[in-house]
Amino acid sequence: MDFRLSQDQTDLVRGVRELLAGRFGRDALRASVDSGALDRGLWKELGDAGFFALRLPEADGGVGLGLPEAVLVLEEAGRALLPGPLVATQRAAGTVPGAAEGLAVVTEVSSEGLIPWRDAADVVLGPAEGAVPMRSVDPLTPLHRVSGTLPAARPETVLLTAAEQVGTAAWCTDAAVAHARRREQFGRPIGAFQAVKHLCAGMLVRTELARAAVHAAAVTGDAAEIAGAKLLADDAAVANARDCLQVHGGMGFTWEADVHLHLKRAWVRAALVLPGARAAEEVAAAL
Amino acid sequence: MDLSYTGEEEEFRARLREWLAAELPGLPPRPDPLDWPGRRAYDCGWQRRLHDAGYGHVHWDASPTRRLIFLEETERAGAPYVGANFVGLLHAGPTIAAEGTEEQRARWLGPVLRGDEVWCQGFSEPDAGSDLAGLRTRAVRDGDAYVVTGQKIWTSHAEVADWCELLVRTDPEAPRHRGISWLALPMDAPGVTVRPLRTLAGSAEFAELFLDEVRVPVGNRVGEENDGWRVTMVTLSFERGTAFVGEVVACRRLLGELARAARENGRWDDPALRRRLGGLAAGFQALWRLIQRNVSEAQATGGVPGVGGSVFKLHYSHARQELYDAAAEVLGPDALDLGREWNLDRLSSLSYTIAAGTSQIQRNIVAERILGLPKGR
Ligand SMILES: Cc1cc2nc3c(=O)[nH]c(=O)nc-3n(C[C@H](O)[C@H](O)[C@H](O)COP(=O)(O)OP(=O)(O)OC[C@H]3O[C@@H](n4cnc5c(N)ncnc54)[C@H](O)[C@@H]3O)c2cc1C
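Rules used throughout
- Residues numbered from 1 in each chain as written.
- Chains lettered and ligands numbered in written order.
- Predicted model: local features only at pLDDT ≥ 70, side-chain atom pairs only at ≥ 80, totals over all residues.
- Heavy atoms only, no water.
- Core = buried A, V, L, I, M, F, W, Y, C linked by side-chain atoms within 4.5 Å.
- Buried < 20%, exposed > 50% of the residue type's maximum accessible area, 1.4 Å probe, protein only.
- Helix = DSSP H or I, 4+ residues; strand = E, 2+ residues; numbered from the N terminus.
- Domains from an automatic or database assignment.
- Contact = heavy atoms within 4.5 Å.
- Buried area = accessible area lost by both parts, 1.4 Å probe.
- Salt bridge = Lys/Arg side-chain N within 4 Å of Asp/Glu carboxyl O.
- Polar contact = N/O pair within 3.5 Å; in protein donor to acceptor, adjacent residues only side chain to side chain.
- Lys, Arg positive; Asp, Glu negative; His and termini not counted.
- Arc of directions from axis to C-beta.
- Near = heavy atom within 4 Å.
- Areas by Shrake-Rupley, 256 points an atom, 1.4 Å probe, with all protein chains shown as cover.

## Quick word on the nonpolar core
For step 1, the next point in the chain: Within the largest apolar cluster, 136 residues are counted, with the highest numbers of intra-cluster contacts made by Leu46, Leu82, Leu86 and Val214 of chain A together with Phe284 of chain B.
For step 2, the next point in the chain: Among the elements that make up this core, the one with the highest residue count is helix 7 (residues 194-220) of chain A (13 residues).
For step 3, the next point in the chain: When residues of this core are assigned to domains, at least three fall in each of domain 1 (7-117) and domain 3 (244-370) of chain B.
For step 4, the next point in the chain: In this structure leucine 82 of chain A touches Leu20, Phe24, Leu42, Leu46, Phe51, Ala77 and Arg265 of chain A, once residues within four positions along its chain are discounted.
For step 5, the next point in the chain: In terms of nonpolar packing, the next biggest core, distinct from the first, is built from 26 residues, Ile96, Trp182, Ala184 and Val222 of chain B among them.

This is the structure in structure tokens:
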């Protein structure tokens, strides 16, 4: 047993983080928020880097990696707030032409009747007839809603969404800690106050717990373990975003600070597939 | 991210399982929790059996992964845990092994491994709890002995201990952390008085220790004079990620029992209860994975799990308290009956966020040592 990341996995994480920092740094993120559009050039570059073909077998022109690697990559995407139907397009690689290469944007109807990025997508998987637009809470995830018979949540989709949540949880921890060290009040950094310090410690605990759960679920592929990982990851992302906002004070309530973007995305991912009550029921059913 | 065990590890597990299956039926009945001499005899008898079967040192020599397997399997089989041997096996013993002289190791380690001698831990004082370095029990050198005077408190199973690992102040002038020494105190020495303290669970798990001019031979000092703080800290992380393995296994089993009981008594129909149990199950599953990660790190680095310990304990101690609250919900009015299972455990669990570093202190550690936030009050 060695539950640490392998050298290859560590390199993969570093590579993806560097790619996203270079290609989708803070300026690009804010430009996307302002335009509200999906950057097809970036989508293609992600395709070229193997982002969508990650789990496609090498024989089919893919990268040939497994669910654990996909989880690591999606965690980085979550940390960077990379927009677009990433999980659906990755799923479509190998079946929908152009998906693997980043030439096609593929979205899907979620088990909860939500369709992210419908208008930007080339292909919508699932029963999308009669979809009505919503005024999405997340400026970087346009949403449609459908009712009727909905597809069951696929465990892999649930897990990869949970991985994105871990990315948000980790980003929020880092951002809160950085702010707490920099910002001074009463003549010292606010991070010297226990009330602030303990919020940050709690954020790290939630992140580490959720990350261990997501990584293990990627290794075992067990449905109940995946449901549990989603439950913990949703909680880590949402609670950490709120605490991060609190640590930022008035600045945290502004449009200018990025923390609201993480909170809103975390809400979207939490509601998109296997939301809390359902996940908890699924874990309980396995007891 | 590999969760599989090697062939050798699986073999170790299989042999242990076989041994447990043969050995456990021959164990005497568990003693009453209020019967301390009985508990000592039971715990020491179990350690003796482990020793004779070649598992006596498993806490000391085995790789972190084997220790994980050992603790997992013994708990699964319903075998006893270390009990009264906790300090001897998991703290004082390893401290002596790491810092003691040849002679000291020869004198003290064998009896711990054979279950012949029991140790307790005399660190906390009435005025030095979380702030342990403020301890004031004095030891004054007089020839070949220290004369020790002071008071210790919360000393677990002091009543049945033969030895106490004692932190004393040998230099009151030095900076706080540099005037402390580590002594092995014989509990039957003249001037030692033990006064049991009754816990909120009704039993006497710990005691006050009064020390009135107790003479402790200088040869009982482990490590250099005034170096006791470092000597103690060396072994605080000794468990290398495996602390609480058995407890997490036990909690996961309890969740299964709660689900069964709730299905039988109809409370399972309440979605709020089901979801509560589901949420707890997700948390304990993740704690198990966190243990596997911490053990993997300890195994690879040969050292301290570092990040893992405090992060783990923070979530675990609170989750376990919530688990017993959920048990109370399953029991309904029977939660008020101490004759029913789980209810005494619920009371005991109230100590988990206090003992071995309170949750507030753990959060300070996480924030300052892991996240690098500034020190402050
Ligand atoms: C069941 C049990 C068994 C024990 N067994 C032993 C044993 O065998 N040997 C031994 O030596 N000791 C033992 N202890 C003692 C234990 O280590 C101490 O209780 C613990 O370290 C806390 O110290 P205290 O009780 O003095 O509380 P205090 O330190 O007085 O703390 C009281 C409250 O103040 C908070 N607090 C204190 N300092 C800070 C700070 N800097 N920042 C924020 N909050 C703070 C604490 O979190 C706590 O909530 C045992 C305790 C228990 C409950």
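## Description of the domain arrangement of chain B
Residue and element names in this part refer to chain B.
For step 1, the next point in the chain: Along its sequence, chain B is organised into domain 1 (7-117), domain 2 (120-226) and domain 3 (244-370).
For step 2, the next point in the chain: Here domain 1 and domain 3 have C-alpha centroids that lie 23 Å from each other.
For step 3, the next point in the chain: Taken together, the nine residues of domain 1 in the interface contact twelve residues of domain 3.
For step 4, the next point in the chain: Both sides of the domain 1 and domain 3 interface together cover about 890 Å² of buried area, and 67% of this is carbon and sulfur.
For step 5, the next point in the chain: Sorting the residues of domain 1 by area buried against domain 3 places Pro64, Leu68 and Glu75 first, and these three jointly supply 55% of that buried surface.
For step 6, the next point in the chain: Residue arginine 253 is joined to glutamate 75 by a salt bridge in which the shortest nitrogen-to-oxygen separation is 2.6 Å.
For step 7, the next point in the chain: Applying the counting criterion to the domain 1 and domain 3 interface returns two residue pairs in polar contact (both at pLDDT 80 or more).

## Section: the side chain of lysine 264 of chain A
All names here are of chain A.
For step 1, the next point in the chain: By secondary structure assignment, the location of lysine 264 is in helix 9 (residues 259-272).
For step 2, the next point in the chain: Of the side chains with opposite charge, aspartate 138 comes closest to the buried, unpaired lysine 264, at an N-O distance of 7.1 Å.
For step 3, the next point in the chain: Every residue in contact with lysine 264, bar those within four places of it in the chain, is listed here: Val137, Asp138, Pro139 and Trp255.

## Some words on unusual backbone geometry
Residues and elements named next belong to chain B.
For step 1, the next point in the chain: Positive phi values are uncommon outside glycine, yet histidine 157 reaches one of about 35°.
For step 2, the next point in the chain: Along the chain, histidine 157 falls in the loop between strand 3 (145-156) and strand 4 (163-169).
For step 3, the next point in the chain: Overall, the relative accessible area of 8% leaves histidine 157 in the buried class.
For step 4, the next point in the chain: Although it is not a glycine, phenylalanine 244 adopts a positive phi angle of roughly 75°.
For step 5, the next point in the chain: The topology assignment puts phenylalanine 244 in the loop between helix 7 (228-236) and helix 8 (245-265).
For step 6, the next point in the chain: You can call phenylalanine 244 partly exposed: its relative accessible area is 23%.

## What to know about helix 7 of chain B
Residues and elements named next belong to chain B.
For step 1, the next point in the chain: When we look at burial in helix 7, the residues that qualify are Gly228, Trp229, Val231, Thr232 and Thr235. For helix 7, the angular spread of buried residues about the axis comes to 165°, placing them on one side.
For step 2, the next point in the chain: Packing partners of the buried residues in helix 7 comprise helix 5 (86-99), strand 4, strand 5 (180-186) and strand 8 (221-222).

## Digging into the site of the ligand
All names here are of chain B.
For step 1, the next point in the chain: Taken together, 17 residues lie near the ligand, and Ser124, Ser130, Trp154, Thr358 and Gln360 sit nearest.
For step 2, the next point in the chain: Side-chain polar atom of glutamine 360 to an oxygen atom of the ligand: 2.8 Å apart, as the coordinates give it.
For step 3, the next point in the chain: Interatomic distance of 3.4 Å between a side-chain N/O atom of asparagine 364 and a nitrogen atom of the ligand.
For step 4, the next point in the chain: In the complex, 65% of the free accessible area of the ligand, which totals 980 Å², lies under the protein chains.
For step 5, the next point in the chain: Counting only elements with at least two residues in the shell around the ligand, the list comes to strand 3 and helix 12 (359-370).

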